[in-house]
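Observations on the model geometry
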Amino acid sequence: AEGDEAGWAQAREEAEAARRELREVVRPLREPGYREALRRKAERARKRRLRLQRRKQEAKAAKEEEAARAAEREAKIDQWRAKCIQEVEEKNRERELKAAADSVLSEVRKKQADTKRMVDILRALEKLRKLRKEAAGRKGVCPPPSADEAFENQVESLKTLLKNRTELYEAEERALRVMLEGEQEEERKREMEKKQKKEREKLLQQKLEIDSKLFGDPDEFPLAHLLQPFREYYLQAEHSVAALIQIRHEWDQYLVPADHPEGSCIPPGWVLPSLPTNDTWATAVR
């Protein structure tokens, strides 16, 4: 009994101490204005959290915007660099084509230069004979008419030969120029096709990257993936000629006049929905 009373006394003292402690804790709550001050403090803390979150979001948005501007600047720089490289390559290609044309035409031009030099020599020879003939005439020495006639015939023969060679070389030069222009045009077409192919590959790669971001990487998906049936349906024309013909036939049904028995043309305006056939449908439409 004494032990129980001692235990009860100790428990009572502990309870009294706990009650006093609880009273001290609860006492401020009973003071006027404490709840309002607590509410204001909580409101300040909430606003501070919202302010910090807003700053964090603004900093994140600013960072993303700066990254987007940096990416845009990089894209413009890459575009400008690619344009400069393309211009330099085109100039080098034109220079190479001109060098190749000059190399091909050099033989013909050499022949033309030789012909021109022969013409100049022939003119100088005529002038020299005229001067010597005049000098001989002043000394009383005159060549026979047959010599003059033979010289003139020989000169005319050489002039005719040189004229024919000049015309031949000019025709050969024109033919070579036409051939070179054709080859250069083919080279430009090949370069343009190569450039267009590179652009198509770049656009295809961008499309694949966008599709991969939107729908995931198709190489990583199993055949039983949820999107696989839809991909197979929309890409069936790329793997089956029969599917391509069927899809094209379905599209061609709309490329006919309005009175065609096997198809109908695309409506020129809005396609209005049919009227509701029951009250349930009518409520959904409303």
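Structure first, text after, so check above.
We now turn to the structure provided with this report. (Residues numbered from 1 in each chain as written. Predicted model: local features only at pLDDT ≥ 70, side-chain atom pairs only at ≥ 80, totals over all residues. Heavy atoms only, no water.)

Here the focus is helix 5 (residues 241–252). Between its first and last C-alpha, helix 5 extends 16 Å over twelve residues, near the 16 Å set by a 1.5 Å rise per residue. A side-chain oxygen of the first residue of helix 5 lies 3.5 Å from the backbone nitrogen of Ala242; this N-cap is Ser240. (Helix = DSSP H or I, 4+ residues; strand = E, 2+ residues; numbered from the N terminus. Expected span 1.5 Å × (residues − 1). Polar contact = N/O pair within 3.5 Å; in protein donor to acceptor, adjacent residues only side chain to side chain.)

Before going further, it helps to examine the packing of aromatic side chains. Across all of its chains, the model carries one aromatic pair by this definition. Where Tyr233 meets Tyr234, the ring centres are 5.2 Å apart and the plane angle is 80°; that geometry is what we call edge-to-face. Take Tyr233: its relative accessible area is 53%, and that puts it in the exposed class. The ring of Phe151 has Arg129 lying over it, and the distance from NZ or CZ to the ring centre is 4.6 Å. (Phe/Tyr/Trp six-rings, centres within 6.5 Å; stacked < 30°, edge-to-face > 60°. Buried < 20%, exposed > 50% of the residue type's maximum accessible area, 1.4 Å probe, protein only. Lys NZ or Arg CZ within 6 Å of the ring centre and 35° of its normal.)

Soluble globular proteins tend to pack their nonpolar side chains together in the buried interior. Listed in full, the six residues of the largest apolar core are Ala101, Leu105, Val108, Tyr169, Leu176 and Leu180. At the level of elements, helix 2 (34–138) and helix 3 (145–215) are the ones that each hand at least two residues to this core. (Core = buried A, V, L, I, M, F, W, Y, C linked by side-chain atoms within 4.5 Å.)

Turning our eyes to something else, we now look at the side chain of Thr115. In this structure, Thr115 sits in helix 2. On the basis of relative accessible area, Thr115 is assigned to the buried category, the value being 4%. Every residue in contact with Thr115, bar those within four places of it in the chain, is listed here: Leu162, Arg165, Thr166 and Tyr169. (Contact = heavy atoms within 4.5 Å.)

A few words now on the layout of surface pockets. Over the atoms rolls a probe the size of a water molecule, and its path tells where empty space is left. Looking at the largest pocket, its volume works out to about 740 Å³. If you trace the largest pocket, you find 19 residues lining it, with Ala82, Gln86, Lys195, Lys198 and Glu199 closest to the centre. Secondary structure elements with two or more residues in the lining of the largest pocket: helix 2 and helix 3. Per-element accounting of the lining of the largest pocket gives the leading share, eleven residues, to helix 2. Taken together, the residues of the lining of the largest pocket sort by class into four nonpolar, two polar and 13 charged. (1 Å grid on protein atoms, 1.4 Å probe; cavity = no way out; pocket = protein on both sides within 12 Å on 5 of 7 lines; lining within 4 Å. Points joined across faces, edges and corners; volume = space filled by probe spheres on them. Nonpolar A, V, L, I, M, F, W, Y, C, P; charged D, E, K, R; others polar.)

A separate point is the pattern of salt bridges. Following the criterion strictly, the structure yields 15 salt bridges and no others. In this structure, Arg19 engages Glu16 in a salt bridge whose closest nitrogen and oxygen atoms are separated by 2.5 Å. You can see Arg19 and its partner Glu16 sitting in helix 1 (residues 2–30), three residues apart, about one turn around the helix. Assessed through its relative accessible area of 28%, Glu16 is described here as partly exposed. Overlapping salt bridges, with partners in common, bring together Glu65, Glu66, Arg69 and Arg73 in one network. (Salt bridge = Lys/Arg side-chain N within 4 Å of Asp/Glu carboxyl O.)

Take the environment of Glu172 next. Structurally, Glu172 is set in helix 3. As a C-alpha pair, Glu172 and Leu105 span 67 residues in sequence and 9.3 Å in three-dimensional space. The contacts of Glu172, once residues within four sequence positions are left out, are Val108 and Lys111.

Moving on, we get to helix 2. Taking 1.5 Å of rise per residue, the 105 residues of helix 2 would be expected to cover 156 Å, and the 145 Å separating its terminal C-alpha atoms lies within 8% of that figure. Residue Ser106 marks the point of greatest curvature in helix 2, where the axis turns by about 45°. Within the span of helix 2, buried status applies to Leu97, Ala101, Leu105, Val108, Thr115 and Leu122. Trailing helix 2 by a residue or two, Gly140 shows a phi angle of about 85°, which is positive. (Bend = angle between axes of the 7 residues up to and from the residue.)

Take the side chain of Glu173 next. Examined against the element boundaries, Glu173 turns out to sit in helix 3. For Glu173, a relative accessible area of 16% corresponds to the buried category. Only 2.9 Å separates the side chain of Glu173 from the side chain of Gln112, close enough to count as a polar contact. Non-local contacts of Glu173, meaning those with residues more than four positions away in its chain, are made with Leu105, Val108, Arg109 and Gln112.

Take a nonpolar patch on the surface next. On the surface, Phe230, Tyr233, Tyr234 and Leu235 cluster together into a nonpolar patch covering about 500 Å² of accessible area. Judged by its relative accessible area of 65%, Tyr234 is exposed. (Patch = residues over 30% accessible without salt bridge, like charges linked within 9 Å, V, L, I, M, F, W, Y side chains within 5 Å. Areas by Shrake-Rupley, 256 points an atom, 1.4 Å probe, with all protein chains shown as cover.)

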